[in-house]
Structures are given as C-alpha cells and as structure tokens.
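Remarks on the overall topology
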Amino acid sequence: MINIVLFGKPGAGKGTQAEFLKEKYKLTHISTGDVFRFNLKNDTELGKQVRVYMDAGDLVPDELTTKMLIDEVNKHTDTNGVLFDGYPRTISQAVALDAFLSSIGSKVTATVALEADDEILIKRLLERGKTSGRIDDQDEDKIRNRYDEYNEKTAPLMQYYNDQGKFHAVNGIGSVQEITERLSAVIDNL
Ligand code: AMP
C-alpha cells in the first residue's frame, strides 16, 4: 500500500488536491472532516458527539477520531493505498495510526504539507464560508481558533515525520494544476 498523509492548515487546498491525487494514484481518499460532516448532517450518534467541537473549530477528542478513522480504513481493505486528509492532527493520532497500519502489515509511506501564509488562507476560508454553509468557515474567531489548534497540536507532527525521513513540503500557492504537479513530483520520487 502507498499511504500518503496530506498536511496543510484549513483552507490550504487539501481537499481539492486530494480529488486529483486519488484519481492519479488510485488511492482511497479518507477525509476525517468530511466523515464528521456527513455524520453531523445525518444527525447520527457520532454527529451528536462531535458537533460541539466542530462548531467551535476545536479538534474532536483523539479517541473518538481514531476509532472513526480505523473504521473507515477497514471499509477499504482492497486498495492501492490511502490518502489521509485531515488525519493525523495530533501526536497521539500519529502514534495510533502507526500502530494500526503496522497491525495490518502496512505503514505511512510519506507525508506532504501544503504550505501557505495564514493571512491568505484566512481570506480564502472566509470566502468559502459564504457558500460552503460551514459554520466553522464563517466566523474569523473560529477560523483563528482552528489555526491555533493547528499550530499547537498539528505542527509538531512535521518533526515527528521528519525524524522518520517521511516529511515533504510543497509551496501551496499557485494554480490547482501547478500544485498538483508539485505534489506529484514528490509522490513519483518516493
Ligand atoms: P477539516 O474539514 O479537515 O478542516 O475538519 C473540520 C473539523 O473536523 C475540524 O475543525 C475538527 O473539529 C474536526 N476534525 C477533522 N479531522 C480531525 C482530526 N484528525 N482530529 C480531530 N478533529 C478533527
């Protein structure tokens, strides 16, 4: 399996790029944010449990998130690999992902971060909030809280994967196609 973790702050373009990469490399795309939003929309038990965190722009607790992620991966065992979009977001999640993948005889192949300046991304997210219907995209304080969560809890993961020689970064500013090319150049060299 080729398992790729896509990093990037909210609004960096992970979802957009994942759509291209999953086709190109025949990967299963798992976006934890999308799965949570599906559960919110359908008012499932999981949706009820995560709403308060998501609406505030806080991370959902690790245990809940990891359980959901493992259930998702287990639904797609017949795959070339997984494109993880929005998971892991904490060291504890990264450790859980390593343990889970190892239990199925696999591992994280590489991680790639889409890098972009916060102020550009915040403007982009506020624009997206006008049409996405996402409560967490509509309020600048909530957006800034998501960035604080990223800087405090997710940014340390870059070092975690860098120490394993599995971290790559690409410039996330440019056209969608240019950024897909930069990401593909990294993946093709793995
Ligand atoms: P996203 O669509 O990736 O920006 O995620 C939207 C929201 O879902 C986040 O602000 C969190 O509340 C929640 N979420 C998604 N992925 C995770 C994760 N790996 N750990 C904790 N919370 C998450």
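Please read all numbers here as calculations on a predicted model, not as lab measurements.

It is worth spelling out the site of the ligand at this point. The environment of the ligand is made up of 15 residues, and the closest members are Thr-32, Arg-37, Asp-58, Gly-86 and Gln-93. Here a nitrogen atom of the ligand sits 2.8 Å away from a polar atom, N or O, in the side chain of Thr-32. Contact between the ligand and Gly-86: a nitrogen atom at 2.8 Å from a main-chain N or O atom of the residue. In isolation the ligand offers 480 Å² of accessible surface; the protein chains occlude 96% of this area. Sort the elements by how many residues they give to the shell around the ligand and helix α2 (residues 32-41) lands first, with four residues.

Now for the pattern of salt bridges. It is possible for side chains of opposite charge to pair when their charged atoms get near one another. Applying the stated criterion across every chain, the model contains 16 salt bridges. Note that Arg-146 and Asp-137 form a salt bridge whose closest N and O atoms lie 3.0 Å from each other. Judged by relative accessible area, Arg-146 falls into the buried class, the value being 10%. Judged by its relative accessible area of 0%, Asp-137 is buried. A network of salt bridges, in which partner residues are shared, links Arg-128, Arg-134, Asp-136, Asp-137 and Arg-146.

What follows is about the environment of Gln-93. Residue position: Gln-93 is located in helix α5 (residues 91-103). A residue is classified by how much of its surface remains accessible, and Gln-93, at 2% relative accessible area, is buried. Separated by 61 residues in the primary sequence, Gln-93 and Thr-154 place their C-alpha atoms 9.8 Å from one another. Excluding anything up to four places from it in sequence, Gln-93 contacts Asp-62, Thr-65, Thr-66, Tyr-87 and Pro-88. Side-chain polar atoms of Gln-93 contact the side chain of Asp-62, separated by 2.9 Å.

A word on the UniProt feature "binding site: AMP" (unreviewed entry) in the chain. Mapped onto this numbering, the UniProt entry gives "binding site: AMP" (unreviewed entry) at Thr-32, Arg-37, Asp-58, Leu-59, Val-60, Gly-86, Tyr-87, Pro-88, Arg-89, Gln-93, Arg-134 and Arg-146. These annotated residues cover 115 residues of sequence, and their C-alpha atoms reach 24.5 Å apart at the extremes, leaving them scattered rather than at a single site. Mapping Arg-37 onto the fold places it in helix α2. You can call Arg-37 partly exposed: its relative accessible area is 24%. Excluding its chain neighbours within four sequence positions, the residues that come into contact with Arg-37 are Met-54 and Arg-134. Along the chain, the position of Gly-86 falls in the loop between β3 (82-85) and α5. Judged by its relative accessible area of 8%, Gly-86 is buried. Once residues lying within four places of it in the same chain are set aside, the contact partners of Gly-86 are Leu-6, Lys-14 and Thr-32.

Direction vectors running N to C along helix α4 (residues 62-74) and α5 enclose 30°, while the axes themselves pass 10 Å from each other. Judged by the angle between their axes, α4 and α5 are roughly parallel. α5 is crossed by α4, and the crossing has right-handed handedness. For the pair formed by α4 and α5, the contact residues are Asp-62, Thr-65, Thr-66, Leu-69, Ile-70, Val-73 and Asn-74 on the first element and Ser-92, Gln-93, Ala-96, Leu-97 and Phe-100 on the second. Considering only residue class, the contact of α4 with α5 consists of six nonpolar, five polar and one charged.

This part is about the nonpolar core. General note: in soluble globular proteins, nonpolar side chains tend to be found buried as a group. The biggest cluster of nonpolar side chains holds 21 residues, and the ones touching the most others in it are Val-112 and Leu-183. Of all the elements in the fold, those that place two or more residues in this core are β1 (4-8), α1 (14-25), β4 (110-115), α6 (118-132), α7 (140-154) and α9 (176-188). In this view, Val-112 contacts Ile-4, Val-5, Leu-6, Phe-7, His-168, Val-170, Leu-183 and Val-186; residues no more than four positions away in its chain are not counted. Counting 20 residues, the second largest nonpolar core, distinct from the first, contains Ile-30, Val-73, Val-108 and Met-158.

What follows deals with the pairing of β4. Counting buried positions along β4 yields five of six residues, so the element is predominantly enclosed. Of the strand pairs in this sheet, β1 and β4 are connected by five bridges, and their pairing is parallel. Each bridged residue has a counterpart across the sheet, and for Leu-6 the counterpart in β4 is Val-112. Note: β4 against strand β5 (residues 167-171), five bridges, orientation parallel.

What counts and what doesn't
- Sequence order as written defines the numbering, with residues in each chain counted from 1.
- Where local features are concerned, this predicted model is filtered to residues with pLDDT of at least 70; where side-chain atom pairs are given and counted, the filter is 80 or more; whole-chain, interface and lining totals use all residues.
- Computation of side-chain values: all heavy atoms of the structure, hydrogens and water removed.
- A molecule or strand has a residue near it when one of that residue's heavy atoms lies within 4 Å.
- Whenever two N or O atoms come within 3.5 Å, that pair is a polar contact, provided that in protein one can donate a hydrogen and the other can accept it, and provided that, for residues adjacent in sequence, both atoms are side-chain atoms.
- The protein chains shown are the only cover counted for residues, whose accessible areas, like all others here, come from Shrake-Rupley with a 1.4 Å probe.
- Segments assigned H or I by DSSP are reported as helices when at least four residues long, segments assigned E as strands when at least two residues long, and all are numbered from the N terminus.
- By salt bridge we mean one thing: a side-chain nitrogen of Lys or Arg within 4 Å of a carboxyl oxygen of Asp or Glu.
- Relative accessibility decides the category of a residue: with a 1.4 Å probe and only protein chains considered, values under 20% of the type maximum give buried, values over 50% give exposed, and everything between is partly exposed.
- What makes two residues a contact is simply this: any of their non-hydrogen atoms within 4.5 Å.
- UniProt positions are given in the numbering used here, feature names are shortened, and annotations may be inferred rather than shown by experiment.
- What counts as an axis is a line fitted to C-alpha atoms, over the stretch in contact for a helix, and the angles between N-to-C directions run from 0 to 180 degrees.
- Roughly parallel means an angle under 35 degrees; roughly antiparallel means over 145; roughly perpendicular covers 65 to 115; every other angle is labelled oblique.
- Crossing handedness is read from the near helix: turned anticlockwise from the far helix by less than a right angle, it gives a left-handed crossing, and turned clockwise, a right-handed one.
- Residues are grouped as follows: Ala, Val, Leu, Ile, Met, Phe, Trp, Tyr, Cys and Pro are nonpolar; Asp, Glu, Lys and Arg are charged; every other residue, Gly included, is polar.
- Only buried residues count toward a nonpolar core. Its members are Ala, Val, Leu, Ile, Met, Phe, Trp, Tyr and Cys residues joined through side-chain atoms within 4.5 Å.
- At least two bridges found by DSSP between two strands is the condition for calling them paired.

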